[in-house]
Amino acid sequence: MTIRRLPDTLVNQIAAGEVVERPASAVKELVENAIDAGAMHIDVTMVDGGKALILVQDDGRGMGPDELPLAVERHATSKLPDDDLFDIGFLGFRGEALPSIASVSRMTITSRTADADSAWMLAIDAGLRQPVEPAAMPKGTRVEVRDLFHATPARLKFLKAARTELQHAQDMLQRLAMAHPAVAFSLSDGTRTLFRYHAAPGDLFDARLGRLAAVLGRDFADNALAVDTEREGLRLRGHIGLPTYNRGNAQQQYLFVNGRPVKDRLLQGAVRGAYQDYLAHDRHPVLALYLDVPPREVDVNVHPAKAEVRFRDSALVRGLIVSALRHTLDQAGHRASTSIAGTALDALQPVHQLAAPLAPPRLPLPLPHGGAGSLWSQARPSSGQINRALQAQAPQAGGFEDLGAVFGAAYSAAPLPQGRPLPEGPADEQASAFPLGVARGQVHNTYIVAQTSDGIVIVDQHAAHERLVYERMKTALADSGLKRQMLLIPEVVELDEPACDRLLARREELENLGLVLEAFGAGVLVVREIPALLGDTDVIGLVRDLADDLAEWDQALSLQDRLADVCATMACHGSVRAGRRLNQAEMDGLLRQMEATPHSGQCNHGRPTYVELKLKDIEKLFGRR
Ligand SMILES: Nc1ncnc2c1ncn2[C@@H]1O[C@H](COP(=O)(O)OP(=O)(O)OP(=O)(O)O)[C@@H](O)[C@H]1O
Ligand SMILES: [Mg+2]
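In this text the structure is predicted, and so the values were computed from the model without any measurement. (Residues numbered from 1 in each chain as written. Chains lettered and ligands numbered in written order. Predicted model: local features only at pLDDT ≥ 70, side-chain atom pairs only at ≥ 80, totals over all residues. Heavy atoms only, no water.)

1. Section: the overall build of the protein chain
Argument step 1. Scanning the protein chain from N- to C-terminus turns up 22 helices and 25 strands.
Argument step 2. A buried classification covers 50% of the 625 residues belonging to the protein chain.
Argument step 3. A sequence separation of at least 24 residues applies to 70% of the contacts in the protein chain between residues at least 6 apart. (Helix = DSSP H or I, 4+ residues; strand = E, 2+ residues; numbered from the N terminus. Buried < 20%, exposed > 50% of the residue type's maximum accessible area, 1.4 Å probe, protein only. Contact = heavy atoms within 4.5 Å.)

2. Examining the packing of aromatic side chains
Argument step 1. Under the defined criterion, the tally for this structure stands at three aromatic pairs.
Argument step 2. A ring pair is formed by phenylalanine 195 and tyrosine 197, whose centres lie 4.4 Å apart and whose planes are at 10°; its orientation type is stacked. There is no split in this pair, since phenylalanine 195 and tyrosine 197 are both buried.
Argument step 3. Arranged with centres 4.6 Å apart and planes meeting at 10°, the rings of phenylalanine 256 and tyrosine 290 form a pair that is stacked. (Phe/Tyr/Trp six-rings, centres within 6.5 Å; stacked < 30°, edge-to-face > 60°.)

3. Focus on the sheet that holds strand E14 (residues 260-262)
Argument step 1. The mixed open sheet is built from five strands, whose spatial order is E10-E11-E16-E13-E14. A strand with exactly one partner marks an edge of an open sheet, and here the two such strands are strand E10 (224-231) and E14. Averaged over all pairs of adjacent strands, the angle between their axes in this sheet comes to 20°, without regard to strand direction.
Argument step 2. When strand E13 (residues 253-257) meets E14, the two strands line up antiparallel, connected through three bridges. In the strand pairing of E14, valine 257 is matched with arginine 260.
Argument step 3. Sitting on the sheet, helix H7 (residues 204-216) touches E10, strand E11 (234-241), E13 and strand E16 (287-292), and the angle it makes with E11 is about 35°. (Pairing = 2+ DSSP bridges. Axes fitted to C-alpha atoms, helices over the stretch in contact; angles between N-to-C directions.)

4. Some remarks on the site of ligand 1
Argument step 1. Near ligand 1 there are 22 residues, and of these Thr77, Ser78, Lys79, Glu96 and Lys306 occur at the shortest range.
Argument step 2. In this structure, an oxygen atom belonging to ligand 1 sits 3.4 Å away from a side-chain N or O atom of arginine 61.
Argument step 3. The backbone of glutamate 96 places a nitrogen or oxygen atom 2.7 Å from an oxygen atom of ligand 1.
Argument step 4. For the shell around ligand 1, the secondary structure elements donating two or more residues are helix H2 (23-36) and helix H4 (97-103).
Argument step 5. Here the shell around ligand 1 is composed, by residue class, of nine nonpolar, six polar and seven charged. (Near = heavy atom within 4 Å. Polar contact = N/O pair within 3.5 Å; in protein donor to acceptor, adjacent residues only side chain to side chain. Nonpolar A, V, L, I, M, F, W, Y, C, P; charged D, E, K, R; others polar.)

5. Considering the sheet that holds strand E22 (residues 484-494)
Argument step 1. Read across the open sheet, the three strands follow the order E22-E24-E23; overall the sheet is antiparallel. Looking at which strands have only one partner, the edges of the open sheet turn out to be E22 and strand E23 (516-519). Strand-to-strand, the axes of this sheet are offset by a mean angle of 20°, without reference to chain direction.
Argument step 2. Here E23 pairs with strand E24 (residues 524-531) via four bridges, running antiparallel. Bridging across to E24, leucine 517 finds its partner in valine 527.

6. Let's talk about the pattern of salt bridges
Argument step 1. In the structure shown here, the tally under the stated rule is 26 salt bridges.
Argument step 2. Across the salt bridge formed by glutamate 67 and arginine 61, the nearest N and O atoms sit 3.8 Å from each other.
Argument step 3. For glutamate 67, a relative accessible area of 33% translates into the label partly exposed.
Argument step 4. Between arginine 506 and glutamate 509 there is a salt bridge, with the nearest N and O atoms lying 3.0 Å from each other.
Argument step 5. The exposure class of arginine 506 is buried, given its relative accessible area of 8%.
Argument step 6. Here glutamate 509 falls in the partly exposed class, since its relative accessible area comes to 25%. (Salt bridge = Lys/Arg side-chain N within 4 Å of Asp/Glu carboxyl O.)

7. A closer look at the nonpolar core
Argument step 1. Counting 57 residues, the largest nonpolar core has Val31, Ile42, Val44, Met107 and Phe185 as its most contacted members.
Argument step 2. Apart from the residues within four sequence positions on either side, valine 44 is in contact with Val27, Val31, Leu55, Val56, Leu173, Ser186, Leu187 and Ser188.
Argument step 3. Ranked by size, the runner-up nonpolar core spans 36 residues in total, among them Ile88, Ile240, Ala274 and Ala332. (Core = buried A, V, L, I, M, F, W, Y, C linked by side-chain atoms within 4.5 Å.)

8. Here's the deal with a negative patch on the surface
Argument step 1. On the surface, Asp496, Glu497, Asp501, Asp548 and Glu552 cluster together into a negatively charged patch.
Argument step 2. Residue assignment for the negative patch shows that the elements contributing at least two residues are helix H17 (497-505) and helix H19 (539-552).
Argument step 3. Its location among the elements puts aspartate 496 in the loop between E22 and H17. (Patch = residues over 30% accessible without salt bridge, like charges linked within 9 Å, V, L, I, M, F, W, Y side chains within 5 Å. Areas by Shrake-Rupley, 256 points an atom, 1.4 Å probe, with all protein chains shown as cover. Lys, Arg positive; Asp, Glu negative; His and termini not counted. Charge placed at Lys NZ, Arg CZ, Asp CG, Glu CD.)

9. So, a nonpolar patch on the surface
Argument step 1. Together, Leu6, Leu10 and Ile14 line one region of the surface with nonpolar side chains, adding up to about 250 Å² of accessible area.
Argument step 2. Tracing the backbone through its elements, the reader meets leucine 6 in the segment before helix H1 (8-19).

10. Topic: the confidence of the model for the protein chain
Argument step 1. Summing up the model confidence of the protein chain, the mean pLDDT is 81 and the portion of residues at 70 or higher is 83%.
Argument step 2. Note on residues 349-424: pLDDT is under 50 here. Beyond four places in sequence and across chains, it has 104 contacts. (pLDDT = per-residue confidence, 0-100.)

11. Some remarks on H2
Quick reminder: α-helices carry 3.6 residues per turn. Residues three or four places apart thus point the same way.
Argument step 1. Taking 1.5 Å of rise per residue, the 14 residues of H2 would be expected to cover 20 Å, and the 20 Å separating its terminal C-alpha atoms lies within 8% of that figure.
Argument step 2. Most of H2 sits out of view: 13 of its 14 residues are buried. (Expected span 1.5 Å × (residues − 1).)

12. What to know about the pairing of E13
Argument step 1. By the criterion of burial, E13 is predominantly enclosed, with five of the five residues buried.
Argument step 2. Side chains Gln253, Leu255 and Val257 project from E13 onto one buried face, and the interleaved Tyr254 and Phe256 project onto a second face that is buried too.
Argument step 3. In this structure, the hairpin formed by E13 and E14 is closed by a connection of two residues, where asparagine 258 is found at a positive phi of approximately 50°.

13. Remarks on the packing of helix H9 (residues 265-275) against helix H10 (residues 314-331)
Argument step 1. Following both chains from N to C, one finds H9 and H10 inclined at 35°, their axes separated by 9 Å at the closest point. Once H9 is placed against H10, the crossing between them reads as right-handed. Contacts between H9 and H10 pair Leu266, Leu267, Gly269, Ala270, Val271, Gly273, Ala274 and Tyr275 from the former with Ser314, Val317, Arg318, Ile321, Val322, Leu325, Arg326 and Leu329 from the latter.
Argument step 2. By residue class, the composition of the contact of H9 with H10 is eleven nonpolar, three polar and two charged. (Left-handed = near helix turned anticlockwise from the far one by under 90°.)

Encoded structure:
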């Protein structure tokens, strides 16, 4: 065997093996070229999933007759004017895409520059170039790729059904479209237009949101928060979905670096880290994040399809994303996604025909003991009642002691939102003073129904309380530590010995979380103190459940790492668990506390803690609109 240089066609085919994996990758390269050429309109057609024909037409700067043969030559590019691989200002830079695609297909490129009298065409079949010929076309470039991979049958065999290939290309094109909102894009399969995005108006930030709404749906735009920060020359902007607007996989996370769609592990990990507090492990946020960094800070020449990048200072990038996303989510306060109300309304079927007239309610309903009244009599509480209820939020002896216990000292310390008391006046006005409204009653001892200025809110009291406990524990742990509350009569808990040992082994950690335990002989524990913010607690149930939890959890993890779970267990045994009747002050107290607490719109697993139904939607249900 002698060593020899491989012919160009073969070299290009080898490159194609890396660069052009499937029709979608060819589309990506051609569309990126169009974007680099400054096109404002890019139209893509794919027949038979791109296997028969890929056609990309743009209105960019075009190429002259001398440039065309160079364009399909290996390592010929117009995009590295200074020969500097670390100062890349275009999507392309290797001069590899066109020769690679041309080596495994039948390609024609027709192109015309703005100042030329006519267009020129170059045909190339499996790498064999024909002479350039004059052609007719307006300014721009049109690339036709027929019979992709006909020259490499092995690759052809790996292609999936046309629909699947089209789907991949669609995803690819949508990502590019999100990164370049000022450019109009369309995709057709030869008979049908799959999508058409017009140039999105406004400055870049607004244009991106407009384009995101066009691609991901209005729903996303309604449930997204804006991110915009800058640190040490890095700029992060974009729109991130509320935690309650989550998905079963991470497909809908769109990440861009310098206008380039990437699927980068570092960035994905940072996103996961930022949301981990608000979502269960198997749920994923929807978001689009645009990171702009000085070209020298990032190496884009690390992946054949340029889908990954490498940052010079990855810790800086990670830190920026995590803190920006957390900060933004913090600002969202109690907001939960609007789509939840939609789902709820869809589930509500209006009753068209009643077999028998509804029996009139037997009034008056019995008053709950110690409560502020039945649902019916509470329908329109007097302003005096409400103000009394709100004043009662400060812990005090008497009828409201439960409330003080539930929320502890922070209750009185937490100022009301807007810092003003409820206005005197009709109930509707009072309701409009607060985003989550005024409690009108409790149903099934589990849900609080509140009236807002323009609708109703249904709160899952248990889920909401769980989240409040969690947020307050987190804050307390970060500042001064958790307040503990001494039990007047220490609680003796009998368990089996291993369970007892498990708890005692974590004694110090539990103490930091406010739970003070002591050994009391084989299989017996004494509980002396509990977290003050839990209030009235079923101590025995709590300790037993914690012992069960510990058996399940990884021994290596600290309880702090499992804080969400510990809080869930603790909140389960606190005062506001499902099935407990709440009085007016407690209900309103819970609502006010939710408004003042970040992330209270969802529970620790990304489920909503409340649903809001707008009056206009309710009216629709009853055919009033
Ligand atoms: N649609 C187009 N409009 C105008 N010029 C184009 C177009 N497509 C390609 N070209 C020209 O042809 C050259 C070669 O394109 P090709 O895609 O092969 O390489 P590249 O874009 O420079 O780098 P890469 O291989 O990284 O994509 C480009 O540098 C550009 O000058
Ligand atoms: Mg290119």
